[in-house]
Amino acid sequence: MLYLGFRVAERKETASLHELLEGANLRIKQLENYNSPVKASVVRSPRHLQSDLPVIVAITPTYARPTQKADLTRLSLTLRQVPNFYWIIVEDSATKTDKVKRFLSKCGLHHTHLNVRTPQDMQLNTGEARWHKHRGVEQRNLGLSYVLEHGHEFLPDENNAVIYLMDDDNTYSLELFDEMRFIKRVGVWPVGLSGGLMWDGPLCDETGVTGFHALWRPDRFFPMDMAGFAFNIQTLRRHPNARLDSSVHYGFLESSFISQLLDKDRALMEPKADLCRRVLVWHTRTEKPNLKREMELNAKGQQSDPSMDV
């Protein structure tokens with residue numbers, strides 16, 4: 001019988017209850033003092049990824065904001081349930097922040113932490129609409145380059161993986177990862193609450209993708225949301241220069257990238273999620289928090305205790 005980590009049955013029959021309790025208390029102290037960074041380094045070890053199951057590599061751009069840690073925490077609770085998963089977090093920052101470092105050290109996921117700052121001319125100005133400029137382009141592209149250059153360092157088989165460009169505030173069903181794991185080229189599926197519709201994405205039948213449910217600029221060659229596709233790492237290796245292009249018109253980022261991966265051949269798209277009849281990901285967005293009282297404190301030269309890691 002196991003009792004807090006050691007075998008009670010293996011102790012001498014003459015052991016007193018006092019001795020058993022002392023052993024239990026010692027084990028509890030050992031667990032309480034377990035160093036979490038050491039745990040994270042073990043979790044990150046590539047040997048714990050299976051070689052016989054494609055690894056899902058998610059590239060997630062993130063930026064500093066009041067809800068950043070909350071969003072990453074919520075997302076990580078989903079991702080921890082996905083087997084053979086590797087997370088590349090890329091901060092929109094000139095340096096890696098302590099907040100994200102601390103979060104990743106305890107998130108329990110295989111991961112790599114990168115950073116690159118969005119160029120000044122691509123940053124939103126005060127009061128500028130979110131849709132006015134592309135976001136996360138530099139960060140996603142850095143993640144793609146990292147996979148190509150360093151995939152052999154963290155993947156059990158550098159040719160047996162699927163890549164997903166994953167936002168930090170969307171909502172993902174666990175079934176989605178089962179759907180994407182065995183993609184051969186580029187897999188596609190609908191996205192809920194996207195494009196100003198209840199859902200948008202591919203229309204499919206047994207022959208493949210037959211069209212798209214999209215009302216905003218339906219003339220796009222691939223009118224897709226970033227959350228609505230993933231691709232095999234070998235597809236990226238065959239097109240090593242494929243990248244998100246910040247020079248394209250807003251809303252054409254995904255279409256431009258998929259066009260590079262598939263040479264603009266819609267017949268190569270792989271419908272997932274029951275021929276694109278099921279929504280397994282939602283383009284949600286965290287509500288901006290009401291920090292009115294915090295602003296009142298700031299006006300007085302005060303603030304909530306900054307040592308609190310919110």
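Residues numbered from 1 in each chain as written. Predicted model: local features only at pLDDT ≥ 70, side-chain atom pairs only at ≥ 80, totals over all residues. Heavy atoms only, no water.

## Section: the packing of aromatic side chains
Step number 1: In total, this model carries 12 aromatic pairs according to the counting rule given.
Step number 2: Taking the centre distance of 6.2 Å and the plane angle of 80° together, the rings of Trp 87 and Phe 103 count as edge-to-face. Of this pair, Trp 87 sits in strand β4 (residues 85–91) while Phe 103 sits in helix α4 (residues 98–106), and the two are 16 residues apart along the sequence.
Step number 3: Of the residues examined, Phe 103 reaches a relative accessible area of 8% and is grouped as buried.
Step number 4: Connected via pairs of aromatic rings, a cluster forms that spans Phe 85, Tyr 164, Tyr 172, Phe 177 and Trp 189.
Step number 5: We note Arg 65 situated over the ring of Tyr 63; from NZ or CZ to the ring centre the distance is 4.4 Å.
Step number 6: When the ring centre of Phe 221 is taken as reference, the NZ or CZ atom of Arg 266 above it lies at 4.2 Å. (Phe/Tyr/Trp six-rings, centres within 6.5 Å; stacked < 30°, edge-to-face > 60°. Helix = DSSP H or I, 4+ residues; strand = E, 2+ residues; numbered from the N terminus. Buried < 20%, exposed > 50% of the residue type's maximum accessible area, 1.4 Å probe, protein only. Lys NZ or Arg CZ within 6 Å of the ring centre and 35° of its normal.)

## A look at the state of the cysteines
Step number 1: Applying the stated rule across the entire model yields 0 disulfides.
Step number 2: There is no disulfide at Cys 204, and the cysteine sulfur nearest it, in Cys 276, is 3.2 Å away. (Disulfide = S-S within 2.5 Å.)

## Focus on the nonpolar core
Step number 1: In terms of nonpolar packing, the biggest core is built from 41 residues, with Val 57, Ile 88, Phe 229, Phe 231 and Phe 257 touching the most fellow members.
Step number 2: Among the elements that take part in this core, helix α5 (residues 137–154) stands out by supplying 6 residues, more than any other.
Step number 3: Residues contacting Phe 231, with those up to four places away along its chain left out, are Leu 144, Ala 161, Val 162, Ile 163, Leu 165, Ile 183, Arg 185, Val 186, Leu 236, Phe 257 and Leu 261.
Step number 4: Core analysis: the second largest hydrophobic core is formed by 29 residues, Leu 72, Leu 104, Met 180 and Val 281 among them. (Core = buried A, V, L, I, M, F, W, Y, C linked by side-chain atoms within 4.5 Å. Contact = heavy atoms within 4.5 Å.)

## Overview of unusual backbone geometry
Step number 1: A positive phi is found at Leu 193, a non-glycine position, where the angle reads about 60°.
Step number 2: Within the secondary structure, Leu 193 sits in the loop between β9 (191–192) and β10 (199–205).
Step number 3: Exposure remark for Leu 193: the relative accessible area of 42% places this residue in the partly exposed category.
Step number 4: Although it is not a glycine, Ala 273 adopts a positive phi angle of roughly 55°.

## Points about the pattern of salt bridges
One side chain can pair with another of opposite charge once the charged atoms of both are near each other.
Step number 1: For the structure on display, the rule yields 12 salt bridges.
Step number 2: What emerges from the salt-bridge pattern is a single network uniting Arg 65, Asp 71, Arg 74 and Asp 168. (Salt bridge = Lys/Arg side-chain N within 4 Å of Asp/Glu carboxyl O.)

## Overview of a nonpolar patch on the surface
Step number 1: A cluster of nonpolar side chains, namely Leu 193, Met 198 and Trp 282, defines an oily patch on the protein surface of about 320 Å² accessible area.
Step number 2: As for its position among the elements, Met 198 is in the loop between β9 and β10.
Step number 3: A relative accessible area of 65% means that Met 198 is categorised as exposed. (Patch = residues over 30% accessible without salt bridge, like charges linked within 9 Å, V, L, I, M, F, W, Y side chains within 5 Å. Areas by Shrake-Rupley, 256 points an atom, 1.4 Å probe, with all protein chains shown as cover.)

## Brief notes about the pairing of strand β11 (residues 208–213)
Step number 1: Note that β10 and β11 share 5 bridges and pair antiparallel. From the neighbouring strand, Cys 204 faces β11, where its bridge partner is Val 209.
Step number 2: Linkage of β10 to β11, two consecutive antiparallel strands, is achieved through a turn of 2 residues. (Pairing = 2+ DSSP bridges.)

## What about α4?
Note on helix geometry: an α-helix contains 3.6 residues per turn, so any two residues three or four positions apart are oriented the same way.
Step number 1: Looking only at α4, the buried set comprises Val 100, Phe 103 and Leu 104. Summarising the axial view, the buried residues of α4 lie within an arc of 95°, below the 170-degree limit, and thus occupy one face.
Step number 2: Positive backbone phi, approximately 75°, marks Gly 108, located one or two places after α4. (Arc of directions from axis to C-beta.)

## Overview of the confidence of the model for the protein chain
Step number 1: Chain-level pLDDT for the protein chain is 87 on average; 83% of the residues reach the 70-or-more range.
Step number 2: Under a pLDDT of 50 for its full length, residues 1–15 has, in the predicted model, 20 contacts with residues more than four places off or in other chains.
Step number 3: For residues 26–47, every residue scores under 50 in pLDDT, and the model assigns this stretch 19 contacts once sequence neighbours within four places are set aside. (pLDDT = per-residue confidence, 0-100.)

## What to know about the packing of helix α3 (residues 68–79) against α4
Step number 1: The interhelical angle for the contact between α3 and α4, taken along N-to-C directions, is 20°, at an axis separation of 11 Å. With respect to α4, the element α3 is oriented roughly parallel. For α3 against α4, the interelement crossing comes out right-handed. Contacts between α3 and α4 involve Gln 68, Lys 69, Leu 72, Thr 73 and Ser 76 on the former and, on the latter, Lys 99, Val 100 and Phe 103.
Step number 2: Of the residues belonging to the contact of α3 with α4, the class tally is 3 nonpolar, 3 polar and 2 charged. (Axes fitted to C-alpha atoms, helices over the stretch in contact; angles between N-to-C directions. Parallel < 35°, antiparallel > 145°, perpendicular 65-115°, else oblique. Left-handed = near helix turned anticlockwise from the far one by under 90°. Nonpolar A, V, L, I, M, F, W, Y, C, P; charged D, E, K, R; others polar.)

## Description of the sheet that holds strand β3 (residues 55–62)
Step number 1: The strand order across the open sheet built from 7 strands is β5-β4-β3-β6-β12-β8-β13, with neighbouring strands paired in mixed fashion. Of all strands in the sheet, those bounded by a partner on one side alone are β5 (110–115) and β13 (269–271). Put simply, the sheet's adjacent strands are angled 25° from each other on average, direction ignored.
Step number 2: Pairing of strand β6 (residues 161–165) with strand β12 (residues 229–232), which is carried by 2 bridges, proceeds in the antiparallel orientation.

## Overview of the environment of Leu 297
Step number 1: Relative to the helices and strands, Leu 297 is located in helix α10 (residues 292–299).
Step number 2: Apart from the residues lying within four places of it in its own chain, the contact partners of Leu 297 are Gln 302, Gln 303 and Ser 304.

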